[in-house]
Amino acid sequence: MSNRMKLLAVIVNYKTPEMTLDALAALVRELRAIPGSRATVVDNDSGDGSFEKILEAVQLHGWSDLIDVDCADRNGGYGYGNNFGIRRGLAASEPPDYFYLLNSDAFPDPGSVSVLLDFLDTHPQAGIAGSYIHGPEGTPHETAFRFPTWVSEFEQPLGIGAVSRVLSRWMLALPVPRQVQQVDWLAGASMLIRRRVLEEIGLFDENFFLYFEETDLCRRALLAGWPTFYVPESSVAHIGSASTGMKDLSKRTPTFYFDSRRHYFRKNHGVLYLWLANLSWVLGFSLGHLRRRLMKRPDPLHRARAFLDFISYNFGLRRGHTDAK
């Protein structure tokens, strides 16, 4: 990797080799149109033959001139896997100007990566740019957010529309932007980061196994003067939670989610703020639950499980459910 690169794309795989290869096929189409671009696939120590399957497929499809396949020494999570690939680029004699992060269950639409690249090329004050994300069927996904606060921790589990409208300026998820818009942070399914940003603020905090790592990175970037932008002209299809199963409402909330949430609030706001956020969440959930009881609308089972998992983890009754990626 001694040749000059404009862009290095990174995909982290964990036990989804077929899906990763589908994402790679879409990515290769994009990279062929961008001179000086490459990609690296990092297998996060899947231990299921994923590394060998992906390496063989890359060679079979004739992508070896464009794609490198690496295997991490352990499954350290999303940030760890991306850092593994980013460090490969930073170690080059002439590192790339940009790093493009693509989830293994995300599939860029034609021209989408070039749109992000053009945006950062023409907006030197911007540090990070992300795509409009939609489901395979075309449904828009909410991927542009405000930073979490104790107010958003109250509003989210409350689930009362009138209160949400009053607290709209603190709601976590933004309405899906229809034009370029500065946002606090973006989901990392399709994210382009300027190299200079990473050189100034560092890479992902690997204390986050999964969730909140993009939030923390975008916050550090903003504090260093590098805002994040949502660029809807860049469009990417995304399945979501393919490796984690977090979309399956029958599953318990995994401990790594609570670990990441706790680390984010403690790191960025302190222990007292963490407890304020915890109490706000419990109050919001309890008031919402009481309202539904009075209206004779029972809570869905997944809400009850979420409440029990939250209490168990954050108030020391037990360590919570331990499913891990």
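Shown above is the structure to which this text applies.
Residues numbered from 1 in each chain as written. Predicted model: local features only at pLDDT ≥ 70, side-chain atom pairs only at ≥ 80, totals over all residues. Heavy atoms only, no water.

Draft legend 1. Expanded view of the overall build of the protein chain. Within the protein chain, the regular secondary structure consists of 11 helices and 11 strands. Scaling as 2.2 N^0.38, a compact globule of 325 residues should have a C-alpha radius of gyration of about 20 Å, and the protein chain matches this with 20 Å. A principal-axis box enclosing the C-alpha atoms of the protein chain has dimensions of 65 × 40 × 40 Å. Of all 325 residues assigned to the protein chain, the portion counted as buried reaches 55%. Considering only residue pairs separated by 6 or more positions, the protein chain has 80% of its internal contacts joining residues 24 or more positions apart. For the protein chain, the exposed area adds up to about 14,500 Å²; of that, 55% sits on carbon and sulfur atoms. When the 36 positive and 36 negative side-chain charges of the protein chain are each reduced to one mean point, those points stand 10 Å apart. (Helix = DSSP H or I, 4+ residues; strand = E, 2+ residues; numbered from the N terminus. Rg over C-alpha atoms; globule rule 2.2 N^0.38 Å. Buried < 20%, exposed > 50% of the residue type's maximum accessible area, 1.4 Å probe, protein only. Contact = heavy atoms within 4.5 Å. Areas by Shrake-Rupley, 256 points an atom, 1.4 Å probe, with all protein chains shown as cover. Lys, Arg positive; Asp, Glu negative; His and termini not counted. Charge placed at Lys NZ, Arg CZ, Asp CG, Glu CD.)

Draft legend 2. Fine view of the pairing of strand β11 (residues 228-238). Judged by how many residues are buried, β11 sits mostly within the fold: 10 of 11 residues are covered. Relative to β11, strand β5 (residues 106-108) runs antiparallel, the two being bridged by three bridges. Bridge pairing in β11 places Ala106 opposite His238. In the sheet, strand β6 (residues 128-134) pairs with β11 via seven bridges, with the strands oriented parallel. Following the sheet pairing, Ala129 is matched in β11 by Phe229. Across three bridges, strand β8 (residues 181-183) lies against β11 in antiparallel orientation. Note on β11: the bridge partner recorded for Gln182 is Phe229. (Pairing = 2+ DSSP bridges.)

Draft legend 3. A negative patch on the surface, seen in detail. Taken together, the side chains of Glu18, Asp22, Asp48 and Glu52 make up a negatively charged region of the molecular surface. Residue position: Glu52 is located in helix α2 (residues 50-60). (Patch = residues over 30% accessible without salt bridge, like charges linked within 9 Å, V, L, I, M, F, W, Y side chains within 5 Å. Salt bridge = Lys/Arg side-chain N within 4 Å of Asp/Glu carboxyl O.)

Draft legend 4. Quick peek at unusual backbone geometry. Located in the positive-phi region is Tyr211, a residue other than glycine, with phi close to 80°. Here Tyr211 lies in the loop between α7 (195-201) and α8 (213-223). Judged by relative accessible area, Tyr211 falls into the partly exposed class, the value being 23%. Even without being a glycine, Lys296 presents a positive backbone phi close to 60°. Looking at where Lys296 falls in the secondary structure, it is placed in the loop between α10 (271-294) and α11 (301-314).

Draft legend 5. Representation of the environment of Ala23. In this fold, Ala23 is placed in helix α1 (residues 17-32). For the pair Ala23 and His238, spaced 215 residues apart in the sequence, the C-alpha separation amounts to 9.6 Å. Residues contacting Ala23, with those up to four places away along its chain left out, are Ile11, Leu102, Asn103, Ser104, Ala106, Phe107 and Pro108.

Draft legend 6. Examining helix α5 (residues 150-158) more closely. Of all nine residues in α5, seven are buried, a share of seventy percent or more. Burial in α5 covers these residues: Val151, Ser152, Glu153, Phe154, Glu155, Pro157 and Leu158. Positioned one or two residues after α5, Gly159 has a phi angle of 70°, which is positive.

Draft legend 7. Layout of the packing of aromatic side chains. In the structure shown here, the tally under the stated rule is 18 aromatic pairs. Each ring, one from Phe209 and one from Phe256, has its centre 5.5 Å from the other, and the planes form 50°; the classification is tilted. Linking Phe209 in the loop between α7 and α8 with Phe256 in helix α9 (residues 255-269), this pair joins segments that are 47 residues apart in sequence. Accessibility expressed as a relative area gives 7% for Phe256, which makes it buried. Pairing Phe212 with Tyr257 gives two aromatic rings, centres 5.8 Å apart and planes at 50°, and the pair type is tilted. Residue Phe212 is found in the loop between α7 and α8, and its partner Tyr257 is found in helix α9; the two are separated by 45 residues along the sequence. The side chain of Arg74 reaches across the aromatic face of Tyr80, ending 4.2 Å from its centre. Across the ring face of Trp170, the terminal group of Arg169 is positioned such that the distance to the ring centre comes to 4.8 Å. (Phe/Tyr/Trp six-rings, centres within 6.5 Å; stacked < 30°, edge-to-face > 60°. Lys NZ or Arg CZ within 6 Å of the ring centre and 35° of its normal.)

Draft legend 8. Looking closely at the environment of Glu94. Structurally, the position occupied by Glu94 is in the loop between α3 (78-90) and β4 (98-102). Overall, Glu94 belongs to the partly exposed group, its relative accessible area being 38%. Distance from Glu94 to Val113, taken between C-alpha atoms, is 21 Å for residues 19 residues apart in sequence.

Draft legend 9. Quick look at the nonpolar core. The biggest cluster of nonpolar side chains holds 44 residues, and the ones touching the most others in it are Val10, Ile86, Leu101, Ile193 and Leu198. Excluding anything up to four places from it in sequence, Leu101 contacts Val10, Tyr78, Asn82, Ile86, Gly188, Ala189, Ser190, Met191, Ile193 and Phe204. Counting residues in each nonpolar core, the second largest holds 39 residues, with Ala9, Ala23, Leu102 and Ile133 among its members. (Core = buried A, V, L, I, M, F, W, Y, C linked by side-chain atoms within 4.5 Å.)

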